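Report on the structure
This is what each chain is made of:
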Amino acid sequence: MSVTVTAPAKVNLSLSVGPLRPDGYHDIATVFHALSLHDTVTVSESDEPGISIDMRVLGVVPVDQDNLAMRAVQALAHYVNRPGNVHVNIIKRIPIAAGLAGGSADAAGALVACNELWHTGLSMSELTDIAATLGSDVAFALRGGTMVGTGRGERLAPVLAATSSPLHWVIAASGTGLSTPEVYRTLDDIREQSGIDADEPEVSLDMMLALRSGVVDDIAAALANDLQQAALRLRPSLARTLQAGIESGAVGAIVSGSGPSCVFLARDADHSVDLAVELSASGTCDTILRATGPAAGVQLA
Ligand code: C5P
């Protein structure tokens, strides 16, 4: 018995970060956008006690308690009060520690796959609650589409978005990741050093209107990420990557989440191919990927 699902990467079309909370998190207001770039997660019943994980992957991911997919299986097993004797196989396409929520996608995938494997009958809302305990982006990976996230990012609300044509993205990924907590900490430092008090986070009206119209230029103009300056301080070379994308004709350019991936908005599919070729030739990034959005959340394969 085994179940296979796909689980999407995400970009934040806008990410507004509030002050540091007493619990070490920041309240955010973000627009999550799921991408066609995805990992594939298969769970199978195992005769061995406990959870084992295999990853077909180019980077290094901890295959222990720190692995978010493993924690997802444990959390669901605990919730439905059964042993979590499963083997998890993950085919990773989403770059690791890239600001694309690949680890969260795997956790969301493992949750849905085990839910099917064990016939638990839990609702999407119960799964979303479990997902929210695992990480700030896991609930969104379950749901997909384009959604506003508030709280730590785990409270989700749908966005009224034009669906006539998909958005075409080019992703410039780096072989070396950035640590999300470090990027948040760096933003706090930058604010403290410049005497700036963080405002309450909000999604701009420009972004909401742009999504409703679906006009690519308007969406590009409304792209915003408070974490970008922190990612640039930690990885100054990203400025060259962003600049190369703009010079190559990207309609919009932004660091994705906590980085270091940079994402570029193209006019259409053909333009995204041209953009990917030019960016690749610029030599400013390690890997170029193309994706469309919005994509579905976790899906049975
Ligand atoms: O929730 P997740 O495990 O993905 O968060 C990783 C780290 O990123 C947190 O421990 C925290 O340092 C930082 N973070 C934050 N505010 C958020 C989300 C994440 O400060 N809203």
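Residues numbered from 1 in each chain as written. Predicted model: local features only at pLDDT ≥ 70, side-chain atom pairs only at ≥ 80, totals over all residues. Heavy atoms only, no water.

A count of helical and extended segments in the chain gives 10 helices and 12 strands. On C-alpha atoms alone, the chain measures out to a radius of gyration of 19 Å, which is about the 19 Å that the 2.2 N^0.38 rule sets for 301 residues. With the C-alpha coordinates aligned to their principal axes, the bounding extent of the chain is approximately 55 × 45 × 35 Å. Counted over contacts in the chain with a minimum sequence separation of 6, partners at least 24 positions apart contribute 76%. Carbon and sulfur atoms form 50% of the exposed surface of the chain, whose accessible area is close to 13,300 Å². If the 18 positive side-chain charges of the chain are averaged to one point and the 33 negative ones to another, these points end up 1 Å apart. (Helix = DSSP H or I, 4+ residues; strand = E, 2+ residues; numbered from the N terminus. Rg over C-alpha atoms; globule rule 2.2 N^0.38 Å. Contact = heavy atoms within 4.5 Å. Areas by Shrake-Rupley, 256 points an atom, 1.4 Å probe, with all protein chains shown as cover. Lys, Arg positive; Asp, Glu negative; His and termini not counted. Charge placed at Lys NZ, Arg CZ, Asp CG, Glu CD.)

In the vicinity of the ligand, the contacting residues are Gly-24, Tyr-25, His-26, Ile-28, Gly-135, Ser-136, Arg-152, Thr-180, Pro-181 and Tyr-184. A distance of 2.6 Å is found between an oxygen atom of the ligand and a side-chain nitrogen or oxygen belonging to His-26. Arg-152 places a polar main-chain atom, nitrogen or oxygen, 3.0 Å from a nitrogen atom of the ligand. Its atoms largely coinciding with the cavity grid, the ligand occupies the largest pocket. Those elements that place two or more of their residues in the shell around the ligand are strand S2 (26–45) and helix H5 (180–193). Considering every element that reaches the shell around the ligand, the biggest residue donor is H5, with three residues. For the shell around the ligand, the class distribution of residues is four nonpolar, five polar and one charged. Three or more residues apiece are contributed to the shell around the ligand by two domains, here domain 1 (2–160) and domain 2 (167–293). (Near = heavy atom within 4 Å. Polar contact = N/O pair within 3.5 Å; in protein donor to acceptor, adjacent residues only side chain to side chain. 1 Å grid on protein atoms, 1.4 Å probe; cavity = no way out; pocket = protein on both sides within 12 Å on 5 of 7 lines; lining within 4 Å. Sits in = over half its atoms within 2 Å of the grid points. Nonpolar A, V, L, I, M, F, W, Y, C, P; charged D, E, K, R; others polar. Domains from an automatic or database assignment.)

Right, let's talk about the packing of helix H1 (residues 68–79) against helix H2 (residues 102–117) for a bit. Where H1 meets H2, the closest approach of the two axes is 8 Å, and the angle between their N-to-C directions is 35°. Judged by the twist between their axes, the crossing of H1 over H2 is right-handed. Contact with H1, carried on its side by Leu-68, Ala-69, Ala-72, Val-73 and Leu-76, involves Gly-103, Ser-104, Asp-106, Ala-107, Ala-110, Leu-111, Cys-114 and Asn-115 of H2 and no other residues of that element. Across the contact of H1 with H2, the residue classes break down as nine nonpolar, three polar and one charged. (Axes fitted to C-alpha atoms, helices over the stretch in contact; angles between N-to-C directions. Left-handed = near helix turned anticlockwise from the far one by under 90°.)

With that settled, the discussion passes to helix H3 (residues 124–134). Buried within H3 are the following residues: Leu-127, Thr-128, Ile-130, Ala-131, Ala-132 and Leu-134. Turning to H3, the residues buried within the fold contact H1, H2 and helix H4 (138–143). (Buried < 20%, exposed > 50% of the residue type's maximum accessible area, 1.4 Å probe, protein only.)

A few words now on unusual backbone geometry. Residue Pro-260 is reached from Gly-259 by a cis peptide bond, and omega for that bond is 5°. As for its position among the elements, Pro-260 is in the loop between strand S9 (252–255) and strand S10 (262–266). Residue Gly-293 is joined to Pro-294 through a cis peptide bond whose omega torsion reads 0°. Tracing the backbone through its elements, the reader meets Pro-294 in the loop between strand S11 (287–293) and strand S12 (299–300). Even without being a glycine, Asn-81 presents a positive backbone phi close to 55°. Mapped onto the elements, Asn-81 comes out in the loop between H1 and strand S4 (86–91). Under the relative-accessibility criterion, Asn-81 is labelled exposed at 71%.

This part is about the pattern of salt bridges. Going through the model one piece at a time under the given rule, you end up with six salt bridges. A salt bridge links Arg-21 to Asp-27, with the nearest nitrogen and oxygen atoms 2.7 Å apart. Given a relative accessible area of 27%, Asp-27 falls into the partly exposed group. Within this structure, Arg-21, Asp-23 and Asp-27 form a network of salt bridges that share partners. (Salt bridge = Lys/Arg side-chain N within 4 Å of Asp/Glu carboxyl O.)

The next thing to look at is H2. One full turn of an α-helix is made of 3.6 residues, so residues set three or four places apart face in the same direction. With 16 residues, H2 should reach 22 Å at 1.5 Å per residue; the first-to-last C-alpha distance of 22 Å fits that figure. Counting buried residues along H2, 14 of its 16 residues qualify, which places the element largely inside the surrounding structure. Taken from the residues just after H2, His-119 is the one with a positive phi, measuring 50°. (Expected span 1.5 Å × (residues − 1).)

Take the domain arrangement of the chain next. What the domain assignment lists for the chain is domain 1 (2–160) and domain 2 (167–293). Using C-alpha coordinates to define each centre, domain 1 is positioned 22 Å away from domain 2. Facing 32 residues of domain 1, the contacting portion of domain 2 comprises 38 residues. Looking at the side of domain 1 facing domain 2, the largest losses of area belong to Leu-13, Leu-15 and Val-17, adding up to 21% of the total buried there. At the level of secondary structure, the elements contributing two or more residues to the side of domain 1 that touches domain 2 comprise strand S1 (2–20), S2 and strand S5 (146–150). (Buried area = accessible area lost by both parts, 1.4 Å probe.)

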